[in-house]
Amino acid sequence: MTDFNTLSDRDFVTRYASVVEHSPWVIERAAARRPFDDLAQGIIAVLADATPEERLSVIRAHPELAGRAAIAGTLTAASQSEQASAGLDRMTPEAFERFHSLNAAYRERFGFPFVICVRRTDRAGILRAMADRLTNDAETEVATAIDEIGHIVRLRLETLS
């Protein structure tokens, strides 16, 4: 058993609530499912077992990349750090415009923000993925976003260790 399995439910939620963007219910459910051999797998299993509406709520809880929240400085600390790691906090006006254009097209097509684990790519890779994923159907894109959230969860857990 590792430390996360021995924490009280309250301490578990307090410690890990930030690994899933603005969605503490995921961590609350994970707390109730312990013990886990792998905490990330346990959290990802909660997402897999969630209703379609709940999965959409987790996707919608993510900020747009280089979007209004980033400009206003209201990102969570984790999102701010992740976006900065890909250079999204220091772009030319033209690059910001490209991100805003793709964000708008993506949100118009799917009704939720584009989600990618930015720590696994760079700015050019993010732009390429945004353009490529605009051709996906909604079901594929929801599955892709949830898969990306799984990568985000794993990396955020690593930074907590």
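Just so it is clear, the structure is predicted and the values come from calculations on it, not from any experiment. (Residues numbered from 1 in each chain as written. Predicted model: local features only at pLDDT ≥ 70, side-chain atom pairs only at ≥ 80, totals over all residues. Heavy atoms only, no water.)

1. Some thoughts on the pattern of salt bridges
And step 1. Applying the stated criterion across every chain, the model contains ten salt bridges.
And step 2. Residues Glu-54 and Arg-29 are paired through a salt bridge, measuring 2.5 Å at the closest nitrogen-oxygen approach. One end of the pair, Glu-54, is in helix H5 (residues 52–60); the other, Arg-29, is in helix H3 (residues 24–33), and 25 residues separate them in sequence.
And step 3. Assessed through its relative accessible area of 35%, Arg-29 is described here as partly exposed.
And step 4. In this structure, Arg-90 engages Asp-89 in a salt bridge whose closest nitrogen and oxygen atoms are separated by 2.6 Å.
And step 5. According to the relative accessible area criterion, Arg-90 is exposed, its value standing at 55%.
And step 6. Taken together, the shared-partner salt bridges connect Glu-21, Glu-82 and Arg-156 into one network. (Salt bridge = Lys/Arg side-chain N within 4 Å of Asp/Glu carboxyl O. Helix = DSSP H or I, 4+ residues; strand = E, 2+ residues; numbered from the N terminus. Buried < 20%, exposed > 50% of the residue type's maximum accessible area, 1.4 Å probe, protein only.)

2. Notes on helix H9 (residues 123–133)
And step 1. For H9, the complete set of buried residues consists of Gly-125, Ile-126, Leu-127, Ala-129, Met-130 and Arg-133.
And step 2. Next to the buried residues of H9 lie helix H8 (93–110) and helix H10 (138–160). (Contact = heavy atoms within 4.5 Å.)

3. Some points on the side chain of Arg-156
And step 1. Of note, Arg-156 is situated in helix H10.
And step 2. For Arg-156, a relative accessible area of 4% gives the class buried.
And step 3. In this structure, Arg-156 is in contact with Ser-18, Val-19, Val-20, Glu-21, Ala-78, Ser-79, Glu-82 and Arg-119, ignoring residues within four places of it in sequence.

4. Structural notes on the packing of aromatic side chains
And step 1. Evaluation of the coordinates by the stated rule reveals five aromatic pairs.
And step 2. Note on Tyr-106 and Phe-112: the rings are 5.9 Å apart at their centroids and 75° apart in plane angle, and the pair reads as edge-to-face. For the residue pair Tyr-106 and Phe-112, the accessibility class agrees, reading buried in each case.
And step 3. Taken together, a centroid distance of 5.3 Å and an interplanar angle of 90° make the contact between Tyr-106 and Phe-114 edge-to-face.
And step 4. The class of Tyr-106 is buried, set by a relative accessible area of 1%.
And step 5. Using a relative accessible area of 1% as the deciding quantity, one classes Phe-114 as buried.
And step 6. Put simply, the rings of Tyr-106, Phe-110, Phe-112 and Phe-114 pair up and form one aromatic cluster.
And step 7. Between the NZ or CZ atom of Arg-34 and the centre of the ring of Phe-12, over which it lies, the distance is 4.3 Å. (Phe/Tyr/Trp six-rings, centres within 6.5 Å; stacked < 30°, edge-to-face > 60°. Lys NZ or Arg CZ within 6 Å of the ring centre and 35° of its normal.)

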